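Each chain, written out:
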Amino acid sequence: MTLKDKIRIIKAIDFGSIDGLNDKHLSSYFLDKNFWNKLVNGKEFFVIGRKGTGKSAIYTWIYEQQFKQGVLVENLSFQNFPFEKLLKLSDDDFSKPNQYQSIWRNIILSEIAAQIIKDQTAKVDEEYKELKKYVEHRFGTDLTELHQKVTTTTTKSEAGLQFKFFSGSKSAGKEMDLGDGFDNITAINKRLEQLIRSYLKRTRTRKYIIQFDQLDDNYTNYINNNAYFQCIISLFKAIYGLNLLFDYEKLPVKVIAYLRSDIYYEINAYDPESARWDDHKYLLNWSIINARDWHNAPLLQLINKRITTSNATITDKSPFHFLFKDDEMDILDEGYKIKPFKYIVHRSFHRPRDIVQFCKYIQREVKDSDQLDYRTFFNAEKRYSEWLLGEIANEIGPQIKHTKTLWAFLRALGERPFTKYHFTQTFLRGRNKNIEKSPQALMRFLYRLGVIMNINQVNGQTEYFSIIRNERTELDERMKMKLHSGIIKGLNTYDHET
């Protein structure tokens, strides 16, 4: 294949969106790592991963599979959810951090009841009719966005958490009840659970899946708000308890939640009991740690699948290596020749989002220049590094408002390895008053984001220790440190206030 042929193929590749939530072609090149069996049929139901690791892609893919699999899936997005209202609905019958379990259980149980009503194969009996009355009287005939409707129609009073009829019903303004005198959300939840469990035990139905995503979209607004963490803990406890119950009774219901790993691990500081959730956690980790993993790394599989989906004429086992051959690209990294895929990964946080974005910038360079060589990668890296720094700025922003000051400080640190002493002295000399953190706190913060890493140099070999490779690792201040390779170039091109 000629270079001209490769250029033509690269121009036509659909690398897709970096956000799986809005990728309309996702199902055609989704890399399935046995997610359905693990999450829908298996014991895992908490999907944990860093931003950009593909949580929303799995969430979207599972939803798209429902017709093929013969199940009903309800996706609950919390992107525009009224969290301010929810945080006012604590149940005083429960101690912290459990005080939001009542409202979360009602959201989940209401969604299950709505799925039963929407299921055209469901058997109509007295329990079905009572569930139908509850759903229609509370929400009307429009059963979309029930999780938002539960929150906005629930009120807190001295009697506890209560809610009203749907405004279009004849009994509008009265407290809702399922049977005789239910006017408290705890009692309503108990009756709802009884009806659902009894109905599903006796009636053969399809499987019902409820998914919670974008819970962390509100995190930056509540980063210092204990109530937000208590709210998330209550949700996870409600999901944990109900899933174990459904599994024990072999009921066809599964609740799945997606959450950023930094928030998940922070939960331990609020509730040590959360450690028991680990048996039901699916950790999204794409990191390449060992030398042998480079040969067929999941990140390589992911990008290869997008290439082959776009072009059936490439029969090579690794389409990426075929299009970007080592000797043709001739890329150098710190004076040494490096494989193109390694070059990209070393400048990433080992996330699908990074690899896809870098490849999209390579494609843009190929389209602009009609060339393909080492300059294509270097020019793409400039654009990519600026984008990566913007990604980090979004995570840094809630804690450090003046990111320009931070960028200037990181530029002063430079590309070479540095010690804790050098970091501290550079910080103090720069008079970084806009950064409202001590040098030690800033070091730990930057390490948790993957901006800096520990290194150990022995006999000319360098070992890297980073949260990118191991999310539970901590900064070792006794070791030397280094800025992440992908951040360094971005610092020299990024010049925007955030």
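Please read these numbers as outputs of a predicted model, since none were measured by experiment. (Residues numbered from 1 in each chain as written. Predicted model: local features only at pLDDT ≥ 70, side-chain atom pairs only at ≥ 80, totals over all residues. Heavy atoms only, no water.)

A. The arrangement of the nonpolar core in detail. By size, the foremost hydrophobic cluster in this structure holds 90 residues, and its most contacted members are I62, L406, L410 and L442. Aside from chain neighbours lying at most four places away, what touches L442 is I400, L406, F409, F423, F427, I435 and K437. Among the nonpolar cores identified, the runner-up in size contains 68 residues, and I210, A238, A257 and W277 belong to it. (Core = buried A, V, L, I, M, F, W, Y, C linked by side-chain atoms within 4.5 Å. Buried < 20%, exposed > 50% of the residue type's maximum accessible area, 1.4 Å probe, protein only. Contact = heavy atoms within 4.5 Å.)

B. The arrangement of the pattern of salt bridges in detail. Per the stated rule, a full pass over the model turns up 33 salt bridges. As a salt-bridge pair, R276 and E273 come within 3.7 Å of each other at their nearest N and O atoms. Among the residues examined, R276 registers a relative accessible area of 41% and is labelled partly exposed. (Salt bridge = Lys/Arg side-chain N within 4 Å of Asp/Glu carboxyl O.)

C. Layout of the sheet that holds strand β6 (residues 253–260). The five strands are arranged β2-β5-β6-β1-β7 in an open sheet whose pairing can be described as parallel. The sheet is open, and its two borders are formed by β2 (72–77) and β7 (281–283), each paired with just one other strand. Going across the sheet, the axis of each strand differs from the next one's by a mean of 20°, ignoring polarity. Against the sheet, helix α4 (residues 55–64) makes contact with β1 (46–49), β2, β5 (208–213) and β6, and its axis sits at roughly 155° relative to β6, the strand it touches most. This element, helix α7 (residues 101–118), spans β2, β5 and β6 of the sheet and lies at about 140° to β5. (Pairing = 2+ DSSP bridges. Helix = DSSP H or I, 4+ residues; strand = E, 2+ residues; numbered from the N terminus. Axes fitted to C-alpha atoms, helices over the stretch in contact; angles between N-to-C directions.)

D. Broad picture of the pairing of strand β11 (residues 461–465). Note that strand β10 (residues 452–458) and β11 share five bridges and pair antiparallel. Following the sheet pairing, I455 is matched in β11 by Y464. Counting the residues that bridge the hairpin from β10 to β11 gives two residues, and of these N459 lies at a positive phi of roughly 50°.

E. Quick look at helix α1 (residues 3–12). The complete set of buried residues in α1 reads K6, I7, I9 and I10. End-on, the buried residues of α1 take up no more than an arc of 165°, which puts them together on one face. With respect to the buried face of α1, the exposed residues turned more than 90 degrees away are K4, R8 and A12. Residues of α1 that are buried make contact with α14 (319–323), α15 (326–329) and α17 (352–369). (Arc of directions from axis to C-beta.)

F. Broad picture of the packing of helix α19 (residues 403–413) against helix α20 (residues 420–429). At their nearest, the axes of α19 and α20 sit 10 Å apart, and the two run at 135° to each other. As summarised for this structure, α19 and α20 are arranged oblique, according to the angle between their axes. In the packing of α19 onto α20, the handedness of the crossing is right-handed. Contacts between α19 and α20 involve F409, A412 and L413 from the first element and H422, F423, T426 and F427 from the second. Partitioned by chemical class, the residues of the contact of α19 with α20 number five nonpolar, two polar and no charged. (Parallel < 35°, antiparallel > 145°, perpendicular 65-115°, else oblique. Left-handed = near helix turned anticlockwise from the far one by under 90°. Nonpolar A, V, L, I, M, F, W, Y, C, P; charged D, E, K, R; others polar.)

G. Main features of unusual backbone geometry. Even without being a glycine, E145 presents a positive backbone phi close to 55°. Checked against the element boundaries, E145 lands in the loop between α8 (126–139) and α9 (146–153). Among the residues examined, E145 registers a relative accessible area of 41% and is labelled partly exposed. Phi is positive for Q214, close to 65°, though the residue is something other than glycine. Tracing the sequence through the fold places Q214 in the loop between β5 and α11 (226–248). Taking the relative accessible area as the measure of exposure, Q214 reaches 7% and is therefore buried.

H. Representation of the environment of G490. Inspection of the secondary structure puts G490 in helix α22 (residues 485–491). For the pair formed by G490 and L388, sequence separation is 102 residues and the distance between their alpha carbons is 7.2 Å. Sequence-distant contacts of G490, that is, excluding residues within four places in its chain, are made with S385, E386 and L389.

I. Inspection of the packing of aromatic side chains at higher detail. Enumeration according to the criterion identifies 35 aromatic pairs in this entry. With centroids separated by 4.8 Å and ring planes inclined at 45°, the aromatic side chains of F320 and F324 adopt a geometry described as tilted. As far as the burial class goes, F320 and F324 line up, both buried. Arranged with centres 4.8 Å apart and planes meeting at 40°, the rings of F358 and Y384 form a pair that is tilted. In this pair, F358 is assigned in helix α17 and Y384 in helix α18 (residues 374–396), connecting sequence segments 26 residues apart. When sorted by exposure, F358 lands in the same class as Y384, which is buried. In this arrangement the basic side chain of K33 is found over the ring face of W286, its NZ or CZ atom lying 4.3 Å from the centre. Geometry around Y343 places R347 over its ring, the cationic atom sitting 3.7 Å from the centre. (Phe/Tyr/Trp six-rings, centres within 6.5 Å; stacked < 30°, edge-to-face > 60°. Lys NZ or Arg CZ within 6 Å of the ring centre and 35° of its normal.)

J. Representation of empty space enclosed by the protein. Summed over all chains, the structure comprises one cavity of 30 Å³ or more. By volume, the largest cavity is sized at about 70 Å³. As for the largest cavity, its lining consists of R50, T53, L284, N285, W286, S287, F349, H350, R351, I467, I468 and E471. Residue composition of the lining of the largest cavity, grouped by class: five nonpolar, four polar and three charged. (1 Å grid on protein atoms, 1.4 Å probe; cavity = no way out; pocket = protein on both sides within 12 Å on 5 of 7 lines; lining within 4 Å. Points joined across faces, edges and corners; volume = space filled by probe spheres on them.)

K. Region of the structure containing helix α21 (residues 439–449). Taken residue by residue, α21 has P439, L442, M443, F445, L446, Y447 and L449 as its buried positions. Its buried side turned inward, α21 meets α18, α19, α20, β10, β11 and β12 (480–483). Trailing α21 by a residue or two, G450 shows a phi angle of about 85°, which is positive.

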